[in-house]
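Observations on the model geometry
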Amino acid sequence: MKFSIALTHDCNLACRYCYAGRKFRRGMSATTAARVMDFVFRQTPARHRLGILDLGFFGGEPLLQLPLMHRLVGDIQERNREHGHPLVFHVTSNGTLLNEEILAFLRQQRIELCISIDGPPKIHDRNRPFRNGRGSFDRVSANLLLAREHLQRVQVNVVYRPGTLPHLSDTVAFLLDAGLDPINLNADIKACWDEKSVQALHEVYWQLAEQFIARYRAGHEYALNMLDNRALISRASLCAG
Ligand code: SF4
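Residue positions within a chain follow its written sequence, with the count starting from 1. In keeping with the model being predicted, local features are shown solely for residues with a pLDDT of at least 70 and side-chain atom pairs are shown and tallied solely at 80 or more, while totals for entire chains, interfaces and linings include all residues. Side-chain figures throughout are based on the complete set of non-hydrogen atoms in the structure, without hydrogens or water.

**So, the pattern of salt bridges**
What counts as a salt bridge is simple: a side-chain nitrogen of Lys or Arg found within 4 Å of a carboxyl oxygen of Asp or Glu. Under the criterion given, the structure shown has six salt bridges. For D10, the salt bridge goes to R131, with nearest N and O atoms at 3.1 Å. Residue D10 is found in the loop between strand 1 (2-6) and helix 1 (30-43), and its partner R131 is found in the loop between helix 4 (121-127) and helix 5 (137-150); the two are separated by 121 residues along the sequence. Across the salt bridge formed by R79 and D38, the nearest N and O atoms sit 2.9 Å from each other. A residue pair is termed long-range when its members are at least 10 positions apart, and R79 in helix 2 (residues 66-80) and D38 in helix 1 qualify at 41 residues. A run of H or I in DSSP counts as a helix once it spans at least four residues, and a run of E counts as a strand once it spans at least two, with each numbered from the N terminus.

**Side note on the pairing of strand 4 (residues 111-116)**
Extensive coverage of strand 4 is indicated by the burial of six of its six residues. Each residue gets one of three labels from its accessible area relative to the maximum for its type: buried under 20%, exposed over 50%, partly exposed in between, using a 1.4 Å probe on protein chains only. Here strand 4 shows two buried faces, one formed by I111, L113 and I115 and the other by E112, C114 and S116. A pair of strands is treated as paired once DSSP finds two or more bridges between them. Two strands pair when backbone bridges link them, and strand 3 (residues 87-93) and strand 4 are joined in this way by five bridges, in the parallel orientation. By the bridge assignment for strand 4, S93 is matched with I115. Throughout, right-handed denotes a crossover for which the path from the first strand over the helix to the second runs clockwise when the strands point away from the viewer. Regarding topology, helix 3 (residues 100-108) serves as the crossover connection from strand 3 to the parallel strand 4, and that connection is right-handed. One ladder, built from four bridges, connects strand 4 with strand 5 (residues 154-160); its direction is parallel. Bridging across to strand 5, I115 finds its partner in V156.

**Topic: the packing of aromatic side chains**
Pairing of aromatic side chains here covers Phe, Tyr and the six-membered ring of Trp, requires ring centres within 6.5 Å, and sorts the geometry by plane angle: under 30 degrees stacked, over 60 edge-to-face, intermediate tilted. On inspection of all chains with the given rule, the structure shows seven aromatic pairs. Ring plane angle 10° and centroid distance 6.0 Å describe the contact between F57 and F89, whose orientation is recorded as stacked. Note that F57 is positioned in strand 2 (residues 53-58) and F89 in strand 3, a separation of 32 residues in sequence. Take F57 and F89: they sit in the same class, and that class is buried. Summarising the aromatic geometry, the rings of F137 and F174 are spaced 6.2 Å apart at their centres and angled 50° between planes, so their arrangement reads as tilted. Taken together, the residues F137 in helix 5 and F174 in helix 6 (residues 168-177) connect sequence positions 37 residues apart. Three or more aromatic residues link up through ring pairs in this structure, and these residues are F212, Y216 and Y222.

**What about the packing of helix 6 against helix 7 (residues 195-217)?**
Contact pair helix 6 / helix 7: the axes reach a minimum separation of 9 Å and the direction vectors enclose 30°. Put simply, helix 6 runs roughly parallel to helix 7. Considering how the two elements wind past one another, helix 6 and helix 7 form a crossing that is right-handed. Residues L168, S169, V172, A173, L176 and D177 of helix 6 form the contact with helix 7, whose own contacting residues are V204, Q207, L208, Q211 and R215. Residue composition of the contact of helix 6 with helix 7, grouped by class: six nonpolar, three polar and two charged. Axis angles are defined between N-to-C directions and span 0 to 180 degrees, where every axis is a line fitted to C-alpha atoms and, for a helix, only to the segment in contact. Just so you know how the angles are binned, under 35 degrees is roughly parallel, over 145 roughly antiparallel, 65 to 115 roughly perpendicular, and the rest oblique. Whether a crossing is left-handed or right-handed is set by the direction in which the near helix is turned from the far one by less than a right angle, anticlockwise for left-handed and clockwise for right-handed. The contact definition used throughout considers only heavy atoms, calling two residues in contact when any of these lie within 4.5 Å. In this classification, Asp, Glu, Lys and Arg are treated as charged, Ala, Val, Leu, Ile, Met, Phe, Trp, Tyr, Cys and Pro as nonpolar, and every other residue, Gly included, as polar.

Shown next as structure tokens:
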């Protein structure tokens, strides 16, 4: 069973396509966290083939609630002793708050990290500024390097929308050339996808497929998830575990 746990709606970025709604400057309460735990174990059948417990920490920016994440991971592991489910943890972060301490915690707990980056500076900064309007690319790319030094692997999430769609193939090439893999592509489903954009999407997916084949033939294998990234994240975390 898969669960996405939104630790907070708060965030230090102000992405133009933010889906997180109003940003309350607080995290999940202890009462809600306890209810989440009950819900998770109630919903996951014991000794069932789907008995894997796949927990994704999400937000807002989940790393703003690091102590809560610490607590939940510990509590879930403790409570799972009697259930014996294989556990999979992952966290999706905007990548701006990472440091060595956080990375050590993720490594120790085998929490798979996925960082959101929308492409080269011009594309990324267009939609993912800090609250003061400054682009976040420099911070995110520096932290991606740091993360890759500390973790076996780091996934990246790319959000694209009609305005950035024409650059999607270049964005994927940019990330691959930076050694990033797997790459998960996510459409901004709240954007206005008119007929023209949908047709353009069709063409861009062909470009991505051709790029994939060309690189594969040149000996560069990589994972580009265009449709079902949540399933991929779970499988990858299981392998890493
Ligand atoms: S990283 Fe961007 S999209 Fe995600 S919660 Fe923060 S502002 Fe919203």
